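Per-entry structural report
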Amino acid sequence: MTNLLVLGTQWGDEGKGKIVDFLAPAFDIVARYQGGHNAGHTVYLRGKKIVLHLIPSGILHPDKICVIGNGLVVSPQAFFKELEELKALGVEVKPGRLLVSRSAQVIMPYHPLLEKIAEQSRGQKMIGTTCRGIGPCYEDKAARWGIRVGDLLEPEILKEKIEASLAIKNKIFEAFGNQPLQVEPILEEYQALGEKLSPYITDVSVFLSQQIKSGQSVLFEGAQGALLDLDHGTYPYVTSSSCTAGGVCTGLGLSPRDITGVLGITKAYTTRVGSGPFPTELKDEAGALIARKGDEFGATTGRARRCGWFDAVAVRYACRINGVDLIALTKPDVLEELTEIKACYAYRYKGTLIRDFPSEPWILERVEPEYRSFPVWSRSIHRQKDWASLPAGFLDYLNWLEDTLETRIGLISTGVDREDIIYRREEFQKILGQRAELLA
Ligand code: IMP
């Protein structure tokens, strides 16, 4: 049994899309377990850039089945829009190849509206969310008002639930000077969307359990990143779902024993979209250069990402709470134009050195990063495809990262294209067994 969890170890945008795309040949199924169309997985196919927000990026491989688990919040409109975009690129998706959990939550038209009100009310302390209704939809799930995908197929139940929701939400809209919403148009629209969605709807937990039992391999595709996890991230500046390893079990209806390995995707520097503490943030020319060279603009919202030095305190924490077996390091080539490269190995707080990631945002806002400095390596690693050709300076940097993170690095992404990858097959054999032979 080989089922690999692939997740980001920072604040998202680590380059998961490309790594999932690389790993896909070794798996039969790619399953997402949390989040919604707030994610932005950028993949390049035959030189064309594709950004997937909701559908697992494994969909670009015609022989893979892709799964959207119960842990997601699904916008049916975003789902069909993405299918249309894929079709335009020549990727035809038949229902049997894409499954949506009956128990996933549905993003309703009132969710983005509520989010705008909540964000505006926070003023200076706004989260800087993607404004796609993700948070309010998860709020409704926890408050037990949520509408699930299966409800879309039962008009009476759907009507009852929309009525119950709007009875409260319309009071909020009115209090904030917005027009109340009517039940009937929403009911009509979502009933129709339910019918359109019905060929894709299934019991994902049963499906995956059967597939795993019969020897199929699943790749669990994390969205966002460990530091945006609702419980373990930089709360309250987080997303509303469980991006970390535990989310796989709750978000797909599987057992912890079904996860046989964990690959952490780690960018060679740090980025963050939206508000919240960011100890190694660079507000100078070095940060601007990283942003420019790394094309650091949000794949979902187009917002400029905040950029900073690599933060080993944060990544070591992410490796620990997720049990990361192996790291895939992305975008180190972006650092090559700098005059020096820095990486933070500890924080100083009130005169004390701390190596464990603090959970309080007000501490994170006040820590001083302690840096180790590295010279820029002598030869470019951009688009390199062979481990043996990596310059000594870069290998020194890699060794330092491995020691500090207490985790092996098994893959390096050296450019944006699919082929710009160097990996250690023997390390992948440890987490994929014989399936490592299926990697390109
Ligand atoms: P939400 O997920 O829209 O609720 O946004 C909450 C926070 O997570 C905001 O800071 C967003 O910018 C951030 N966020 C959500 N999805 C992603 C992502 O895929 N990459 C990076 N940041 C994200």
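Check the entry above for the structure.
Scope of this entry: the structure provided in the associated data block. (Residues numbered from 1 in each chain as written. Predicted model: local features only at pLDDT ≥ 70, side-chain atom pairs only at ≥ 80, totals over all residues. Heavy atoms only, no water.)

1. Observations regarding the packing of helix α2 (residues 76–88) against helix α6 (residues 183–197)
Orientation of α2 relative to α6, taken along the N-to-C sense of each, is 45°, at an axis distance of 10 Å. Here α2 is positioned oblique relative to α6, judged by the angle of their axes. Crossing of α2 over α6 shows left-handed handedness. On the side of α2, the interface is formed by Pro76, Gln77, Phe79 and Phe80, while α6 contributes Glu189, Tyr190, Leu193, Lys196 and Leu197. (Axes fitted to C-alpha atoms, helices over the stretch in contact; angles between N-to-C directions. Helix = DSSP H or I, 4+ residues; strand = E, 2+ residues; numbered from the N terminus. Parallel < 35°, antiparallel > 145°, perpendicular 65-115°, else oblique. Left-handed = near helix turned anticlockwise from the far one by under 90°. Contact = heavy atoms within 4.5 Å.)

2. Thoughts on the packing of helix α10 (residues 312–322) against helix α12 (residues 392–405)
Between two packed helices, the angle of one axis relative to the other and the distance separating the axes together describe the packing. Packing of α10 against α12 leaves a shortest axis separation of 9 Å and a crossing angle of 55°. Taken together, the axes of α10 and α12 lie oblique to each other. Counted together, Ala312, Val315 and Arg316 of α10 and Trp400, Thr404 and Leu405 of α12 form the full contact between these two elements.

3. Points about unusual backbone geometry
Between tyrosine 235 and the following residue, proline 236, the backbone shows a cis peptide bond with an omega angle of 5°. The residue proline 236 is located in the loop between β10 (218–221) and α8 (246–252) in this model. Within the chain, aspartate 13 stands out as a residue other than glycine whose phi angle is a positive 60°. Secondary-structure assignment places aspartate 13 in the loop between β1 (4–8) and α1 (16–23). The class of aspartate 13 is partly exposed, set by a relative accessible area of 22%. The residue lysine 331 is not glycine, and still its phi comes out positive at about 60°. As for its placement among the helices and strands, lysine 331 is situated in the loop between β15 (326–330) and β16 (340–349). When its relative accessible area of 22% is taken as the criterion, lysine 331 is described as partly exposed. (Buried < 20%, exposed > 50% of the residue type's maximum accessible area, 1.4 Å probe, protein only.)

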